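Secondary and tertiary structure notes
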Amino acid sequence: MRLIEFWLNNRLEFLDAILRHLALVVAAVGVAAAVGVPLGVLAHRRPRLGGPIIGIANVVQTIPSLAMFGFLIPIPLIGGIGARAALIVLFLYALLPIMRTTVSGLKSIEPPVREAGVAMGMTGWQLLKLVELPLARPSIIAGLRVATVVGVGTATIAAAIGAGGLGEYIFRGVASVDSTVILAGAIPAAVMALLADFTLGWMERRASVRRSGDHGILFRRLAIVAVAGLILLTGLLLWPDRDEGRIVIGSKNFTEQVILGELLAQLIERETSLSVERRLNLGDTLVCETAMRAGDLDLYVEYTGTALTAIFKQAVILDSEEVNRRVSSSYASTGRTMLEPLGFNNTYVILIRREDARRLKISTISHLTKFAPKMVAGFGAAFLDREDGYQGLINAYGLRFAEPPRAMDLSLTYRALAEKQVDVIAGDATNGLIAKLDLVALEDDRRYFPPYMAVPVIRTETLNRQPELRRVISILSGAIDDSQMQRMNYEADVERKEPREIVSSFLARHPELNRERHLN
Amino acid sequence: MSEGPAIEFENVSYRHPGGPRVLVDFCCAIARGETLALVGRSGTGKTTILRLINRLLLPDAGRVIVEGRSTLDWDPIRLRRHIGYVMQEVGLFPHMSIGRNVAVVPQLEDWSTDRIRARTDEVLNLVGLDPETYRDRFPHELSGGQRQRVGVARALAVDPPILLMDEPFGALDPLTRAEMHREFHRIQSQVQKTIVCVTHDMGEAVALGTRLGVLAQGRLAALAAPAEIADSKDPEVQVFLDALPHLVNTGRS
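Predicted, not measured: the structure shown is a model, and the values here were computed from it. (Residues numbered from 1 in each chain as written. Chains lettered and ligands numbered in written order. Predicted model: local features only at pLDDT ≥ 70, side-chain atom pairs only at ≥ 80, totals over all residues. Heavy atoms only, no water.)

Section: the overall build of chain B
Across its full length, chain B holds eleven helices and ten strands. Structurally, chain B occupies a C-alpha span of about 55 × 45 × 40 Å along its principal axes. Expressed as a percentage of the 253 residues in chain B, the buried residues total 57%. Taking as baseline every contact in chain B between residues at least 6 positions apart, the subset at least 24 positions apart corresponds to 68%. If you sum the accessible surface of chain B, you get close to 11000 Å²; carbon and sulfur atoms cover 49% of it. Computed over 29 positive and 32 negative side-chain charges, the inter-centroid distance for chain B is 3 Å. (Helix = DSSP H or I, 4+ residues; strand = E, 2+ residues; numbered from the N terminus. Buried < 20%, exposed > 50% of the residue type's maximum accessible area, 1.4 Å probe, protein only. Contact = heavy atoms within 4.5 Å. Areas by Shrake-Rupley, 256 points an atom, 1.4 Å probe, with all protein chains shown as cover. Lys, Arg positive; Asp, Glu negative; His and termini not counted. Charge placed at Lys NZ, Arg CZ, Asp CG, Glu CD.)

Here's the deal with the sheet that holds strand S10 (residues 219-224) of chain B
All names here are of chain B. Taken in spatial order, the six strands line up as S6-S7-S8-S3-S9-S10 in an open sheet, and their pairing is mixed. If you trace the sheet from one side to the other, it starts and ends with strand S6 (83-86) and S10, each paired once. With strand direction ignored, the average angle separating the axes of adjacent strands in the sheet is 15°. Judged from the five bridges that link them, strand S7 (residues 162-166) and strand S8 (residues 194-199) form a sheet pairing that is parallel. Residue pairing in the sheet places Asp 166 in a bridge with Val 198 of S8. (Pairing = 2+ DSSP bridges. Axes fitted to C-alpha atoms, helices over the stretch in contact; angles between N-to-C directions.)

Quick look at the side chain of Ser65(A)
Residue and element names in this part refer to chain A. Looking at where Ser 65 falls in the secondary structure, it is placed in helix H4 (residues 65-72). Accessibility expressed as a relative area gives 15% for Ser 65, which makes it buried. With near-sequence residues (within four places) excluded, Ser 65 lies in contact with Tyr 93, Thr 154 and Ile 157.

A few points about helix H19 (residues 410-418) of chain A
Residues of H19(A) that are buried: Ser411(A), Thr413(A), Tyr414(A), Ala416(A) and Leu417(A). Count one or two residues on from H19(A) and you reach Lys420(A), which has phi positive near 65°.

Describing empty space enclosed by the protein
All names here are of chain B. Following the criterion strictly, the structure yields three cavities of 30 Å³ or more and no others. Estimated volume of the second largest cavity: approximately 110 Å³. Considering the residues around the second largest cavity, the lining is formed by 15 residues, among which Val 152, Met 165, Glu 183, Phe 184 and Ile 187 are closest to the centre. Elements represented by at least two residues in the lining of the second largest cavity include exactly helix H7 (144-156), S7 and helix H8 (174-191). Among the elements that take part in the lining of the second largest cavity, H8 stands out by supplying six residues, more than any other. (1 Å grid on protein atoms, 1.4 Å probe; cavity = no way out; pocket = protein on both sides within 12 Å on 5 of 7 lines; lining within 4 Å. Points joined across faces, edges and corners; volume = space filled by probe spheres on them.)

Describing the environment of Thr210(B)
Residue and element names in this part refer to chain B. In this structure, Thr 210 sits in the loop between helix H9 (202-208) and strand S9 (211-216). Along the sequence, Thr 210 and Ile 195 sit 15 residues apart, while their C-alpha atoms lie 9.7 Å from each other. Here Thr 210 is in contact with Glu 34, Thr 35, Ala 225 and Pro 226, once residues within four sequence places are set aside.

Some details on a nonpolar patch on the surface
A cluster of nonpolar side chains, Leu15(A), Leu19(A), Leu22(A) and Val26(A), forms an exposed patch at the surface whose accessible area comes to about 340 Å². Counting through the fold element by element, Leu22(A) comes out in helix H2 (residues 11-45). (Patch = residues over 30% accessible without salt bridge, like charges linked within 9 Å, V, L, I, M, F, W, Y side chains within 5 Å. Salt bridge = Lys/Arg side-chain N within 4 Å of Asp/Glu carboxyl O.)

Section: helix H5 (residues 83-107) of chain A
Counted at 1.5 Å a residue, the expected span for H5(A) with its 25 residues is 36 Å, and the 36 Å between its end C-alpha atoms agrees. The largest bend along H5(A) measures about 25° and falls at Leu95(A), with the proline Pro97(A) one to four residues further on. (Expected span 1.5 Å × (residues − 1). Bend = angle between axes of the 7 residues up to and from the residue.)

Looking at the domain arrangement of chain A
Residues and elements named next belong to chain A. Split into domains, chain A comes out as domain 1 (2-238), domain 2 (246-345 + 452-519) and domain 3 (348-442). Listed as interface residues are 19 residues of domain 2 and, on the opposing side, 14 residues of domain 3. Note on domain 2 versus domain 3: buried area summed over both sides is about 1300 Å², and carbon and sulfur give 53% of it. Summed over the three residues of domain 2 that lose the most area to domain 3, namely Tyr 452, Gln 486 and Asp 493, the buried surface amounts to 32% of that side. Connecting domain 2 to domain 3 are zero salt bridges. In this structure, the connection of domain 2 to domain 3 is made through three residue pairs in polar contact (both at pLDDT 80 or more). (Domains from an automatic or database assignment. Buried area = accessible area lost by both parts, 1.4 Å probe. Polar contact = N/O pair within 3.5 Å; in protein donor to acceptor, adjacent residues only side chain to side chain.)

As for the sheet that holds strand S9 (residues 439-442) of chain A
All names here are of chain A. An order of S7-S6-S8-S5-S9 is seen for the five strands of this open sheet, with the pairing classed as mixed. Edge positions in the sheet fall to strand S7 (406-408) and S9, since each of these pairs with one other strand and no more. With strand direction ignored, the average angle separating the axes of adjacent strands in the sheet is 40°. On the sheet, H19 packs against strand S5 (348-353), strand S6 (377-380), S7, strand S8 (424-428) and S9 and is oriented at approximately 135° with respect to S8.

Examining the confidence of the model for chain A
Interpreting fine coordinate detail is not advised for predicted regions of low pLDDT. In this model, chain A carries an average pLDDT of 86, and 94% of its residues clear a pLDDT of 70 or more. A low-confidence stretch, residues 516-520 of chain A (pLDDT under 50), is modelled with six contacts involving residues beyond four sequence positions or located in other chains. (pLDDT = per-residue confidence, 0-100.)

Below, the structure is given as structure tokens:
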């Protein structure tokens, strides 16, 4: 089976993803328990305070997780990308079930039992420790159980902000339309959730057997070990990555970006002694941009047209040189340095199925206008929003579709087109799926789409600290043309090769990129 | 300590927050070593009186004096550990063994393990439960009567001079209750506590008390030895006596 093969071939990475996933969930739920149980006790003892606390937690719970991750990216200290922000989100989601079950566990204690404790001269703390918490324990464990199972699921989404874990496979698989890779992440995540459910369910049943006997000491020791482990785990996840000799390389969440990120990473690893941290498959442009501004990301590859319109909100310009100049100076004034273009132009292309192209004899976007009123379009959310996207396109060509375009994840549009759920999509010129799914790129005969030259963008501060990076990255200057990029994308999306492998063989194929040659 | 009453109510008034007045100018002195049985209908403030003694409640007016000191001047924790409390619902801790239930207050008082162990066995024996058999059982494994015995044992664990009992045998069947009454006298003859016991059952009050108080409209309608209670002209006392004539005549041996 391909799936098992995939796991075996990537076993170290796979193991790392599982451990990271587990660590994220355990740390987040652990901290949530450490905060949520006391808050639950407070809410129970002071209902006037407790109502609002639970209310706030309730509202937090209703925020979709992806939106929450998005919110957090630009927030300093707690936000950004990576494990820290993921921990915050997972923590917030875990808080409510734990608080709720703590309150309901405490409420379920029969009044005479509590009253007996008070009448015997227990202080509030003694009552809590000896009577209330032990009796509420099964209920609290039930809350931990819900929080953990939900956490395992939510943690897969944390991969969108570079926290790693099993979600990374899911996102990568969705991006390259590869169900094996999706399953490689989804199956272990599901198994993890089931195991957590089973284990905590068992603990819950054990705790509700009315018995505490004298294993108090053992329990206390276990608790100390657990707390120590938790602090260690959280510390490891939160340890600031701002190590002088480290560079964080990011990428957006589609195949080409992951390959380019990997390419930069391998090159820097080969040419310098810096340790490279890969935060690939992060999310869309906005995620990378905010992460970079927040200092969480040092380097990634952007496209000039995207930077001009989506990041710097300037009007579309068609002249490639002019675009480069403007983008470069905009980056320079915001603490980044745009380096030399890699060579290829990944502009938007309007794609249709080859069979439609043949049957209707369409080869340009102008031809499409005639048939568009009977066609359905599906576009990525970014394309619908941006200035050089949908609105400009229909204005420039006078396009009209059968219905308003469907907004979907960019990486899903290809599959939607191939499966005839939509008839027109906007894709990337270098996408390997174009060949795989037998799609045709229509000519932009009115030259609507601006240039999208791929350019490495690096934080100027990082560049000043590690000036050698300029030389290293410039090795790639003009080194990749459209067809080479398409080929690498094809290897990933169609031949199912790993980015690591693709990049190594690309470097091997191009000896001119070797250091010796370059230095000469 | 001086030879004053163990507990004294001085013109105590109490009203449930937002609810009815339960005690009005209530006065009563309880002597050391006596068993005062208080009878009254539901809502006449029987439980309130007990809760005022161990400062689960504070009076709106007047003073409750325990061993010469107003409950306001007592540290509530010290006061409560000084007073055993037996409740109708018993309120045993369901997650603790019988032994640990009995040992709670000694443990709070930081007794040594050996001393706790010895005392636990001693009070279990006192209430007629074999420690070997019952020490490691859990409350849900016991019958109602056995649980009530544990409740008494727990209240006696640190040997407090005062014992409060709130309908202690109310939930038991008549035979078990009669047995518990006999046990009560046996135990009291050994421990000699000051006991305040409230009940709505005149028969039980007569069976347990060395003195009887009848509560009505927030005051004591009568306070006398069981044999003399029938002399009271108070209508409320008559109501109680009328309800249980045969017990008054035949209930005591």
